[in-house]
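So the chains spell out like this:
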Amino acid sequence: MYRQGDVLIIPVGPDDVPACAPVPRDRRGRMVLARGEATGHAHVIGGPGVRLIADLDDPERMFLEVPTHGRVSHEEHGPIALPGGHYRVVRQREYIPGAFRPVAD
């Protein structure tokens, strides 16, 4: 497993990735795993042929397809190298009375 701030990246098998659609890149052309609400900084993935995809039935459920290698970067954290494989992206959540919400970065 890999963690960068409030983002957890978990290796999964290719069969664990549901039918998915590509997540649109942001206006700067980046594949954003999570955006900081407080700072505007973002956890971004890049690498040759890397695809960020979301579950068609649950767009908050994201996955990565990394053919050879990838790199997760963020303005306030050190970069993380990812070997080739399939991954699930999980945002850390926090409990507030009556609900859960993503952690504000």
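To be clear, the structure that these remarks concern was listed above.
Residues numbered from 1 in each chain as written. Predicted model: local features only at pLDDT ≥ 70, side-chain atom pairs only at ≥ 80, totals over all residues. Heavy atoms only, no water.

## Things to note about the side chain of Asp26
Part 1 of the reasoning: Mapped onto the secondary structure, Asp26 falls in the loop between β3 (20-22) and β4 (31-35).
Part 2 of the reasoning: According to the relative accessible area criterion, Asp26 is buried, its value standing at 17%.
Part 3 of the reasoning: A polar side-chain atom of Asp26 sits 2.8 Å from a polar atom in the side chain of Arg30.
Part 4 of the reasoning: Every residue in contact with Asp26, bar those within four places of it in the chain, is listed here: Val32 and Arg35. (Helix = DSSP H or I, 4+ residues; strand = E, 2+ residues; numbered from the N terminus. Buried < 20%, exposed > 50% of the residue type's maximum accessible area, 1.4 Å probe, protein only. Polar contact = N/O pair within 3.5 Å; in protein donor to acceptor, adjacent residues only side chain to side chain. Contact = heavy atoms within 4.5 Å.)

## Brief notes about the side chain of Asp55
Part 1 of the reasoning: Among the secondary structure elements, Asp55 is positioned in strand β6 (residues 51-55).
Part 2 of the reasoning: Each residue touching Asp55, except ones within four places of it in the same chain, is listed here: Pro18, Ala19, Cys20 and Arg61.

## Side note on the nonpolar core
Part 1 of the reasoning: Residues Ile9, Leu33, Ile45, Leu64, Val72 and Leu82 are the most contacted members of the largest nonpolar core, which totals 17 residues.
Part 2 of the reasoning: Elements supplying a minimum of two residues to this core: β2 (7-12), β4, β6, β7 (58-74) and β8 (77-91). (Core = buried A, V, L, I, M, F, W, Y, C linked by side-chain atoms within 4.5 Å.)

## Here we look at the packing of aromatic side chains
Part 1 of the reasoning: Considering all chains together, one arrives at 1 aromatic pair under this definition.
Part 2 of the reasoning: An angle of 75° between the planes, with centres 6.1 Å apart, marks the rings of Tyr2 and Tyr87 as edge-to-face. Here Tyr2, found in strand β1 (residues 2-4), pairs with Tyr87, found in strand β8; they are 85 residues apart in sequence, far enough to count as distant. (Phe/Tyr/Trp six-rings, centres within 6.5 Å; stacked < 30°, edge-to-face > 60°.)

Functional significance is not addressed by these values, which are geometric in nature.
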